[in-house]
Every structure is written in C-alpha cells, then in structure tokens.
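# Fold and geometry: a report
Each chain, written out:
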Amino acid sequence: MAAASILLETTARPPLPLLAAVLGLGGLLLADALRPGPGDAGAPASGPSAVRPSGAASAGSRPEVPPPDLAARRAARERLITLGGSTYLDSLFLVSDSAVRRWGDGDDPIRYAFDGGHPEGWHPAYADEVREAIGRWAPAPRRLAEVPDTGAADVVVSWVPQFAFRRAGQTDLFWDSRGAIYRARVILALRSEHGQPLPREARVAVAMHEIGHVMGLPHSADSVDAMYEATRVDAPSARDRRTLRLLYDLPLGLLREPRR
Ligand SMILES: [Zn+2]
C-alpha cells in the first residue's frame, strides 16, 4: 500500500528555527512534554533542548498527495483566509507541505482499542481516563468508538512506564496517498521522565492532546489550547474546536498550487 508513516512529533519537522518563528514557541520545542503545574515539584518548567527518540521513527517518504480540484482548492483557501486566523491550522500546513491531512469523510466511527500488554503500575482506570479524554472532544467531526480487539482497531492506545526524555505522550500517524489518515498509534506514559507518577489530571490532559493528534490536529502555540505542546488544560478550547472543524471542512489533499 502506498503510504507514508510518520512519527508525528519527531520527523517531518521543518527546521526548528522556522518552526519556532512560525509558532512563536521560543525555547519550548519539546514534543508533548508535560509542563509541570505550580503544585508539581522537581520537574523543570521547560527543557533546554528538543528531544527525540533515536530510531523510533519510521520515516516514510513524503506522500504524494493529489490536489483536490481547482475550484475546491480555491474555495478552501478562501475559507482559510476567512477563518484561518482564528485557528492554528497553519501549524499543520507547515509540516505537511500545505496538504490537508485528516481522516476521510464518513459516518463510520474511528475504531480504537487498548493494547492488552500493560506496564507494571498500570490500572484499568487509566483506560477510563482515555475514554474521558475522548469524550471531552465530543462532538467531533469524526466519532471515536471503542472496540475490544486491537486487530479491528484503527487506533491502538498503549502505555509505557515512562519515556526516557521529556515527553508524556506520543502519537504516530499513518496516512495514504490522498492524505487520509487510516491508522494511529498512541503511547502514553505513566510517569514523568524522572520517574514521578503523573497526576490524574495530567494523564487526562496528555491523553486529550494525543487524541487531538489522532484526529489530525497539529500543535498550537497558545498555552490555553489542548494542542499546546506542554498542555495542562482540562478541555479543548474554542480555538481547538474551531481548528478541528475547519480541518474537516477542508478537502483532503494539497491546498497550494501544484509545483511545476
Ligand atoms: Zn503533541
């Protein structure tokens, strides 16, 4: 199957200075790091450098995304001009080469399942937290529905004790040549990279953020959004929801004029 896979937050990044300039991230370029709240002791508020796992990414070739027809592309660009300023979709186009990347249209739910192998210290309540995180996005343009079998799932959620670097969650996305996401893998940590158990509200916030990535959302540069890299919010913001709606209102594929 002609497909591209990407570790969303560690490959296919534009050069960091460019990303920082566009997103206004300054020194905070940690992928899905967890920003400690005032009550959390011991962890730095921001790390000194971007961190990336070695060898974890399956860097596929850039997908050849066919453009939608000219009229649709023009209409989409007009929508972007009208509404784009109140969203953060530009952050997606920066890494996707101006391609709209999301699940395809349809009424079927996106099926998700929990991986059966759990690290020590895992508790069934953690699965409930993910369900809760999914619920906080509702109503979303595409519904997510739990299935018992990972073999029948489009999205598989698993846990690790902790990441070896400053990260609390990770989402890998897979999409086809149209730019339609068809599979996702979410990995959530039980503890910080220092081994401290993550508090419940942090686990839910990270799960909510990763579910945003599952649906195709990019990062936001604003800390009030669930898609801020070091998120701590307990619900998607109005801007998160606007961005998600706009993403699913736009046609899949390239928005820019094809290169000659
Ligand atoms: Zn993220």
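Structural notes, computed from the coordinates.

Thresholds, definitions, all that
Residues numbered from 1 in each chain as written. Predicted model: local features only at pLDDT ≥ 70, side-chain atom pairs only at ≥ 80, totals over all residues. Heavy atoms only, no water. Helix = DSSP H or I, 4+ residues; strand = E, 2+ residues; numbered from the N terminus. Buried < 20%, exposed > 50% of the residue type's maximum accessible area, 1.4 Å probe, protein only. Contact = heavy atoms within 4.5 Å. Areas by Shrake-Rupley, 256 points an atom, 1.4 Å probe, with all protein chains shown as cover. Pairing = 2+ DSSP bridges. Core = buried A, V, L, I, M, F, W, Y, C linked by side-chain atoms within 4.5 Å. Axes fitted to C-alpha atoms, helices over the stretch in contact; angles between N-to-C directions. Parallel < 35°, antiparallel > 145°, perpendicular 65-115°, else oblique. Left-handed = near helix turned anticlockwise from the far one by under 90°. Phe/Tyr/Trp six-rings, centres within 6.5 Å; stacked < 30°, edge-to-face > 60°. Lys NZ or Arg CZ within 6 Å of the ring centre and 35° of its normal. Expected span 1.5 Å × (residues − 1).

Helices and strands together make up the secondary structure of the chain, namely six helices and nine strands. By residue count, 51% of the 260 residues in the chain fall in the buried class. Here the contacts in the chain between residues at least 6 apart in sequence split such that 77% fall between residues at least 24 apart. Accessible surface, the chain as shown: approximately 11700 Å² in total, 54% of it carbon and sulfur.

This paragraph deals with the environment of Trp-175. Assignment of secondary structure puts Trp-175 in strand S7 (residues 169-176). Relative accessible area serves as the criterion here: at 3%, Trp-175 is assigned to the buried category. Along the backbone, Trp-175 and Trp-103 are 72 residues apart, and their C-alpha atoms lie at a distance of 8.3 Å.

In terms of burial, S7 is a largely internal element, eight of the eight residues being buried. In S7, alternate side chains face the same way, and those of Gly-169, Thr-171, Leu-173 and Trp-175 on one face and Gln-170, Asp-172, Phe-174 and Asp-176 on the other are all buried. Alignment of S7 against strand S8 (residues 180-189), held across seven bridges, turns out to be antiparallel. By the bridge assignment, Phe-174 is partnered in S8 with Arg-183. In this structure, the hairpin formed by S7 and S8 is closed by a connection of three residues, where Gly-179 is found at a positive phi of approximately 95°.

What follows concerns the nonpolar core. The biggest cluster of nonpolar side chains holds 47 residues, and the ones touching the most others in it are Trp-137, Val-155, Trp-159 and Leu-250. Ignoring sequence-local partners within four residues, the contact set of Val-155 consists of Trp-103, Ile-110, Arg-111, Tyr-112, Ala-113, Ala-184, Val-186 and Val-214.

Looking now at the packing of helix H4 (residues 124-137) against helix H5 (residues 200-214). With their axes 8 Å apart at the nearest point, H4 and H5 run at an angle of 55° to one another. Judged by the angle between their axes, H4 and H5 are oblique. For H4 against H5, the interelement crossing comes out right-handed. Residues Tyr-126, Glu-129, Val-130, Glu-132, Ala-133, Ile-134, Arg-136 and Trp-137 of H4 touch H5, and the partners they reach there are Arg-200, Arg-203, Val-204, Ala-207, Met-208, Ile-211 and Gly-212.

On to the packing of aromatic side chains. Under the counting rule described, the total for this entry stands at four aromatic pairs. Judged by centre distance (5.6 Å) and plane angle (40°), the rings of Phe-163 and Phe-165 are tilted. Comparing Phe-163 with Phe-165, the two get one shared label, buried. Through a chain of ring-to-ring contacts, the aromatic side chains of Tyr-112, Phe-114, Trp-122 and Trp-159 assemble into a single cluster. Sitting over the face of the ring of Trp-175, Arg-101 holds its NZ or CZ atom 3.6 Å from the ring centroid. Over the face of the ring belonging to Phe-174 we find Arg-183, whose NZ or CZ atom lies 4.1 Å from the ring centre.

We now examine helix H6 (residues 238-249). Two residues of an α-helix separated by three or four positions point the same way, owing to the 3.6 residues in each turn. Look at H6: 16 Å from first C-alpha to last across 12 residues, which is about the 16 Å you get at 1.5 Å a residue. By the burial criterion, the buried members of H6 are Arg-239, Asp-240, Thr-243, Leu-244, Leu-246, Leu-247 and Tyr-248. Those residues of H6 that are buried are in contact with helix H2 (70-83), helix H3 (90-96), strand S2 (99-100), strand S3 (102-103) and H4.

Here strand S4 (residues 110-114) pairs with strand S6 (residues 155-160) via three bridges, running parallel. Its bridge partner lying in S6, Tyr-112 is registered against Val-155. Note that S6 and S8 share six bridges and pair parallel. From the neighbouring strand, Val-160 faces S8, where its bridge partner is Ala-189.

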